[in-house]
Each structure stands twice: as structure tokens, then as C-alpha cells.
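Residue strings, one per chain:
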Amino acid sequence: MIQLHDLKFTPFISEAEINDAIEKVAAKINEDFEGKTPVFLGVLNGAFLFASEVIKRFKGDCEVNFVKLSSYQGTETSGEVNSLMGLTQPLEGRHVVVIEDIVDTGNTLESLNSILEAEKVKEFKIATLFYKPEAYKKSLHIDYVGMEIPNDFIVGYGLDYDGLGRNLTQVYKLKESKMTNIVLFGPPGAGKGTQATILKDTYNLKHISTGDVFRYNIKNETELGLMAKSYMDQGQLVPDEVTIDMLKAEVRQAKGGKGFIFDGFPRTVAQAEALEELLHNEGTSVSAMIALEVEDDLLVERLLERGKTSGRPDDANEEVIRKRIKVYYEETAILKQFYLKQNKYFGVNGVGSISEITQRLKDVIDNL
């Protein structure tokens, strides 16, 4: 295992496996470009190791450029323009091989495709050492693939984490953390806040409440807080990206805990997917969505009783309370399906004493 900055990585792909993949790609390129003089375009920064090994194995004449995609603002009508830094000769009528270290989203390749079409190349093919089929959704064909890999966060052999790891001769993947991350749900009056506090202390988890995060950022006038307030002042929903960026900061600031309880987030499938990506990049994942289940009439009774002392007007009106409960079910129904598909949804009886409900929650968590 190695550590780069704050993250730990475990061995994933050996040097021997990488060399076998390179041999396979190089053999196919030699076959396709026999008798031709191709231009190899190694895409910086990550492809320098892979490109050099492929080019060394090419048996004919070739030209080599190491290029980097550059964006700049064009005219008012053209908007953002992409160009290639490092290109030293015209490519019109040439055979071109683009060499990438890894293909995941395919955004770089899409831009390169447009540039090479504008350059009027005779043909171009794409070679990559690593290909993530789960992440690649573009239509552009990948001609040479060293190996297909899962959509894991990897470093080594040209790939880096915040500048480190490119020089490693084998590939490592992010170490899976044994953190416990709970998405806790419950309708108004279910006692979610009380249980979140108990579970936080019992399992040494950090309780992340979307409401608390918003209030902190707005009160302290952080950049994200001011951005969120600008939407709220106009009566608009705060975009998911802003909320996620706030949560990112909270997650990354948490030190020493053994996981998180997310309270009030996610509310949509898009937010659930964003949370998955956020936790994946931190080397962990959602362990379970746990929902406290209480009959509506009992919830109404609890909230009306609470309203006698809470001073909250939305706890004193039965019609308002029932609307809040209805909104909760509408919001969580689709999320229930999202986590059910992953076998991560658990409904827990929320009726009984605080200790009885806590024990039911612990029974779920202890068996994850």
C-alpha cells in the first residue's frame, strides 16, 4: 500500500500486466500502419509513459508530438475554442494515432476529434492503455485498448493524484475505506434528529445536516453561502452543484471519524448520484439508507404535542403537518427505489421508546 497526500492506494495492476497490454496495442498498430508514416500524438500529461513505450515498439518511420488540449475564448459568436499546444507540423492528409493514458468520460477525445477533423487528417485512430466502459458514454470509437478496467480511482503509470504518482511503474487503486456512511430518513415527527445524535456518538460518525451546512455557510458569508443566498433571495432552488460543493467541504474537513450520517440529503436521484461520486472520490461509499417508519396519525399526534412547546407554527396546524408528511413521501419514494436496487434500503419501525428504536437501528448498522 502507498499513500499520496491524504489518500491510501493498494496495488491493482502489475508492471508485467501493463507491459502485456502495451505489447498487444503496439502489435495491432504495427499491423494497421505497416508501410505508412503515422504521426503519434501523445496526450499530456498522463500519456507520456504509455506513448513512449508504444512508439519504441513501432517498426516503421513515424513522427511524434506530445500535445496538450488548450481552451480559449473566441469571438462572441464562436465562444470557447479548443486547440492543441505542442503541435509542430500540419496534419492535413496524415495518418494520426492519438495516444491516451485512460479513457473514461471521453471529453478530451471529443474535443480532439473536432480539432483533427478541422485539420483534415486522412485518418486518425485512438489508442488507450486503460478504458473504463462504465464511464465512457461517447459515440467515438476507441481503436486500441490495452485493458478494460472498472470505474475505480487509479494512480500510477502516468496517472496522478494531485500531482503525485505519475512515475509509479505499476497502477494502484484507491483503498476502500471501512467507513460507515448512513443516509438517514424519516418523516417529520419520526425522531430522526434524536436518533442521529445517538448514532453519531455510538459509532463515532459525523452528522452532516443539510440545513446546518446551509445556515453555517450563509451566516459566515462563505463564497458558497453567498451563492446559495442569492438563489434563495430570488425564491429559487439552490442548484445541486452548490449544495454538493458545501457537502464536499464538510466531508473533507471531517477528521478522525468513522463515517457520516447524512440528514436531509440526498433529496433527488441526481443528488444521490452526486453523493456516490463524492464518496467514491474519498475512497468510500454509502453503506445504507435507513428510514424510520411511523404511521401518519401518530406523526400528526407527536407534532401537535411538540407544537405546544416548540413555538413552531408548522407544528401547530394539522393540515400543514399532513402536507409536510405528504411531501416527505413524494421526495423519498424514488430514493427508496434507488437504494433498493443496490440492496441498501432498510425500513425501521420508528414506534416505541427511544432506546427501542435505537436498538433496531443498531441491529441494521451492525450487520452492514
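This is a predicted model, so every value here is computed, not measured.

(A) Structural view of the overall build of the protein chain. Scanning the protein chain for helices and strands turns up 11 helices and 15 strands. Taken over C-alpha atoms, the radius of gyration comes to 27 Å for the protein chain, far larger than the 21 Å a tight globule of 368 residues would show. With the C-alpha coordinates aligned to their principal axes, the bounding extent of the protein chain is approximately 85 × 50 × 35 Å. Here the protein chain holds 368 residues, and 43% of them are scored as buried. Computed over 43 positive and 57 negative side-chain charges, the inter-centroid distance for the protein chain is 4 Å.

(B) Looking closely at the nonpolar core. Counting residues in each nonpolar core, the largest one holds 28 residues, and the members touching the most others are Val183, Phe262, Leu275 and Tyr339. Only β11 (180-185), α5 (210-219), α6 (223-233), α7 (240-253), β13 (259-263), α8 (269-281), β14 (288-293) and α10 (318-340) provide two or more residues apiece to this core. Apart from residues lying up to four places away in sequence, Val183 is in contact with Phe262, Phe265, Pro266, Leu275, Val286, Ala288, Met289, Ile290 and Tyr339. Among the nonpolar cores identified, the runner-up in size contains 26 residues, and Ala21, Val25, Ile29 and Phe50 belong to it.

(C) Representation of the environment of Ile115 in the model. The residue Ile115 is located in helix α3 (residues 107-118) in this model. The class for Ile115 is buried, based on a relative accessible area of 12%.

(D) Representation of the pairing of β11 in the model. Extensive coverage of β11 is indicated by the burial of five of its six residues. One ladder, built from four bridges, connects β11 with β14; its direction is parallel. Counted as the bridge partner of Phe185 is Ala291 from β14.

(E) Expanded view of the pairing of strand β6 (residues 95-103). A large share of β6 lies buried, amounting to nine of its nine residues. As paired strands, strand β3 (residues 39-43) and β6 are joined by four bridges and run parallel to one another. In the strand pairing of β6, Leu41 is matched with Val98. Relative to strand β7 (residues 123-131), β6 runs parallel, the two being bridged by eight bridges.

(F) Quick look at the confidence of the model for the protein chain. Mean pLDDT over the protein chain stands at 90; residues scoring 70 or higher make up 95%. Ignoring residues within four places in sequence, the model shows residues 72-79, a span with pLDDT below 50, making eight contacts including any to other chains.

(G) Just helix α11 (residues 354-366), in detail. In a regular helix each residue adds 1.5 Å, so 13 residues correspond to 18 Å; α11 covers 18 Å between its end C-alpha atoms and thus fits that length. Along α11, the residues that are buried comprise Ile357, Thr358, Leu361, Val364 and Ile365. Buried residues of α11, seen end-on, are gathered within an arc of 120° and therefore sit on one face of the element. In this structure, the buried side of α11 is in contact with β11, α4 (192-203), β14 and β15 (345-349).

(H) Representation of the environment of Val364 in the model. Along the chain, Val364 falls in helix α11. For the pair Val364 and Val64, spaced 300 residues apart in sequence, the C-alpha to C-alpha distance is 58 Å. Those residues in contact with Val364 that sit more than four places away from it in its chain are Ile290, Phe346 and Val348.

(I) Structural context of the sheet that holds strand β10 (residues 171-174). Strand order in the open sheet made by the four strands is β1-β2-β10-β9, with antiparallel pairing throughout. Edge positions in the sheet fall to β1 (2-4) and β9 (154-155), since each of these pairs with one other strand and no more. Both β9 and β10 contribute to a ladder of two bridges, which runs antiparallel. Each bridged residue has a counterpart across the sheet, and for Val155 the counterpart in β10 is Tyr172.

About the thresholds
In every chain, residue numbers begin from 1 and rise along the written sequence. Only residues with pLDDT of at least 70 get local features here, since the model is predicted, and only at 80 or more are side-chain atom pairs given and counted; chain-wide, interface and lining totals rely on the full set of residues. No hydrogens and no water enter the side-chain calculation; it runs on all heavy atoms of the structure. Secondary structure elements follow DSSP: runs of H or I no shorter than four residues count as helices, runs of E no shorter than two count as strands, and numbering proceeds from the N terminus. A radius of gyration in this sense is built from C-alpha atoms; the matching globule rule multiplies 2.2 Å by the number of residues raised to 0.38. Burial here depends on accessible area, computed with a 1.4 Å probe over protein chains only, as a share of the maximum for the residue type. Under 20% is buried, over 50% is exposed, and the range in between is partly exposed. Note that His is not counted, nor are the chain ends; the positive residues are Lys and Arg, and the negative ones are Asp and Glu. Charge coordinates come from a single atom per side chain, which is NZ of Lys, CZ of Arg, CG of Asp or CD of Glu. Nonpolar cores are built from buried Ala, Val, Leu, Ile, Met, Phe, Trp, Tyr and Cys residues. Side-chain atoms within 4.5 Å join them into one set. Should any heavy atoms of two residues lie within 4.5 Å, those residues are considered in contact. For two strands to be treated as a pair, DSSP must find no fewer than two bridges joining them. Think of pLDDT as the predictor's per-residue confidence, scored from 0 to 100. Here, expected helix span is obtained from the residue count minus one, scaled by 1.5 Å. Note that the arc is defined by the directions from the helix axis to the C-beta atoms.

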